[in-house]
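# Examination of the molecular architecture
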Amino acid sequence: MGALAAAIAVGLGALGAGIGNGLIVSKTVEGVARQPELRGQLQTIMFIGIGLVEALPIIGVVIALMVMGR
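Residues numbered from 1 in each chain as written. Predicted model: local features only at pLDDT ≥ 70, side-chain atom pairs only at ≥ 80, totals over all residues. Heavy atoms only, no water.

Right, let's talk about the UniProt feature "transmembrane region" (unreviewed entry) in the protein chain for a bit. Under the feature "transmembrane region" (unreviewed entry), the UniProt entry names residues 44-67. Secondary structure across residues 44-67 divides into 100% helix and 0% strand, with the first and last C-alpha atoms of the span separated by 36 Å. (UniProt positions renumbered as here; feature names shortened; annotations may be inferred. Helix = DSSP H or I, 4+ residues; strand = E, 2+ residues; numbered from the N terminus.)

This is how it looks when you write it as structure tokens:
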């Protein structure tokens, strides 16, 4: 049962991160299309946002490994 819980945790974490990254990048592209002069600032904010979103699946993997270790 622990393996199933771990697989669900990792899978949902990856799914959520994929959706989140897609939204972040699409809004950044939209912002650059509207105001090309802010490209550098928008990219910086985008990379910070992607880093924060990618932390969640990593935390999910750690929790899954903790569940598997019990």
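This paragraph deals with the UniProt feature "domain: V-ATPase proteolipid subunit C-like" (unreviewed entry) in the protein chain. As annotated by UniProt and renumbered to match this structure, "domain: V-ATPase proteolipid subunit C-like" (unreviewed entry) occupies residues 4-66. Helix makes up 94% of residues 4-66 and strand 0%, and the two end C-alpha atoms of the span are 13 Å apart.

The subject of this paragraph is the pattern of salt bridges. Think of it this way: side chains of opposite charge can pair up when their charged atoms draw near. A full pass over the atoms with the stated rule returns 2 salt bridges. Of the charged contacts in the structure, one is a salt bridge between K27 and E30, with a shortest N-O distance of 3.9 Å. Linking K27 with E30, this pair stays in helix α1 (residues 2-34), spanning 3 residues, or about one helical turn. Here K27 falls in the exposed class, since its relative accessible area comes to 52%. A relative accessible area of 36% places E30 in the partly exposed class. R34 serves as the salt-bridge partner of E30, at 3.6 Å between the closest nitrogen and oxygen. Placement of the pair is E30 and R34 together in helix α1, with a separation of 4 residues, close to one helical turn. Taken together, the shared-partner salt bridges in this structure form one network comprising K27, E30 and R34. (Salt bridge = Lys/Arg side-chain N within 4 Å of Asp/Glu carboxyl O. Buried < 20%, exposed > 50% of the residue type's maximum accessible area, 1.4 Å probe, protein only.)

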